[in-house]
Amino acid sequence: MNRALPAGIVSTEESFLQSSHWRQFNGIIHAFSTRNGGRGADDSLSLGGSQGEDSGDIEQNRRLFCQRLGIDPSSLFIMKQVHGKEVVIVENTDQAGSVRKKLEADGAITQKKNLALTIQTADCVPVLLYDPIRQVIGAVHSGWRSAAQGIIAEALSKMKRHFRSNPADCHALIGPSIGACCYEVGEDVIRHFPVSVWNRMESERYRLDLCKTAYLQLSQSGIKEENILQVGLCTACHTDLFFSYRAEGPNTGRMMALVMMQ
Ligand SMILES: [Zn+2]
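One structure accompanies this document, and this report is about it. Computed from a predicted structure; not experimentally measured.

### Some thoughts on unusual backbone geometry
The backbone of N114 sits at a positive phi, close to 60°, despite the residue not being glycine. For N114, the location among the structural elements is in the loop between strand 7 (107-110) and strand 8 (116-121).

Structure follows, in structure tokens:
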């Protein structure tokens, strides 16, 4: 491992990244896949996306990713992400096993063990949640549309209502995503966000900070700031390590963020 990673972030053969803090949580498996170490074209590790969910490479890559994490591929819970604010409560492990093509949602929470909640991204923000007191995990896909609709607050609110989680006990981990350095958007996007998370560029263009947005929304939902960690790497700046929709177009691969209780 030669690459300099942000403090507190570790990688396994550049195939996935983890938080060294989260690795100490008993019984929790978590990871953010990178684009490296797969069996697809150029050995890329696409775990979903535009090539089609049933593509052989993606299935093979998912098995490889699970094998490296020591989990059974049948435990993967994969949603059809639609950039909305729906957060599903997963009540039984039968719901895992294959792609839930019909289950349209951008967040999931569960108390079930051996159920791996996953989020697929190529620029959008994946957020993992863990309540060690009530033993609840969550995974949220927070692109700009879902962030504007408040999906993070929705996830925390459902954890409170259904599992009696106290946000003050919860931990959050923000994965790799496009940074404010590269995420240029127009007035149509910016009008949904507070001025604290964007900068105006020339000629009516703006740069939106999706990570800071996620951080503020987690904090406003009651998670203590010391319990909010982030990977802190921009996907578009590091296309040797990550897939980036903005930098490479819609046909690029997808990475997977994963959290599971054993
Ligand atoms: Zn960047």
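Anyway, onward from the coordinates.
### A short note on the coordination of the zinc ion
Here the zinc ion is held by the protein donor atoms C181 (SG), C182 (SG), C234 (SG) and C237 (SG), which lie 2.3 Å from it. Here the donor residues of the zinc ion are spaced in sequence according to C-C-x51-C-x2-C. Pair noted here: C181 is in the loop between strand 11 (171-174) and strand 12 (184-185) and C234 is in the loop between strand 15 (228-230) and helix 6 (245-248), with a separation of 53 residues, a long-range link. Under the relative-accessibility criterion, C181 is labelled partly exposed at 42%.

### Some words on the sheet that holds strand 12
Strand order across the open sheet formed by 3 strands is 12-14-13, with antiparallel pairing between neighbours. Every interior strand has two partners, whereas the edge strands, strand 12 and strand 13 (198-200), have only one. Looking at chain direction, strand 13 and strand 14 (residues 206-208) are connected through 3 bridges and run antiparallel. Across the sheet, the residue bridging to W198 is L208, located in strand 14.

### Things to note about empty space enclosed by the protein
Over the atoms a probe the size of a water molecule is rolled, and this reveals where empty space is left. The full count for this structure, using the stated rule, is 1 cavity of 30 Å³ or more. The computed volume of the largest cavity comes to approximately 40 Å³. Lining the largest cavity are F32, S33, T121, P126, P176, M255, M256 and A257. With 3 residues, strand 16 (residues 255-261) is the largest single contributor of residues to the lining of the largest cavity. Taken together, the residues of the lining of the largest cavity sort by class into 6 nonpolar, 2 polar and no charged.

Parameters at a glance
Residues numbered from 1 in each chain as written. Predicted model: local features only at pLDDT ≥ 70, side-chain atom pairs only at ≥ 80, totals over all residues. Heavy atoms only, no water. Helix = DSSP H or I, 4+ residues; strand = E, 2+ residues; numbered from the N terminus. Donors = N, O, S within 2.8 Å, 3.2 Å for Na, K, Ca; no water. Buried < 20%, exposed > 50% of the residue type's maximum accessible area, 1.4 Å probe, protein only. Pairing = 2+ DSSP bridges. 1 Å grid on protein atoms, 1.4 Å probe; cavity = no way out; pocket = protein on both sides within 12 Å on 5 of 7 lines; lining within 4 Å. Points joined across faces, edges and corners; volume = space filled by probe spheres on them. Nonpolar A, V, L, I, M, F, W, Y, C, P; charged D, E, K, R; others polar.

Shape descriptors only; they carry no functional weight alone.
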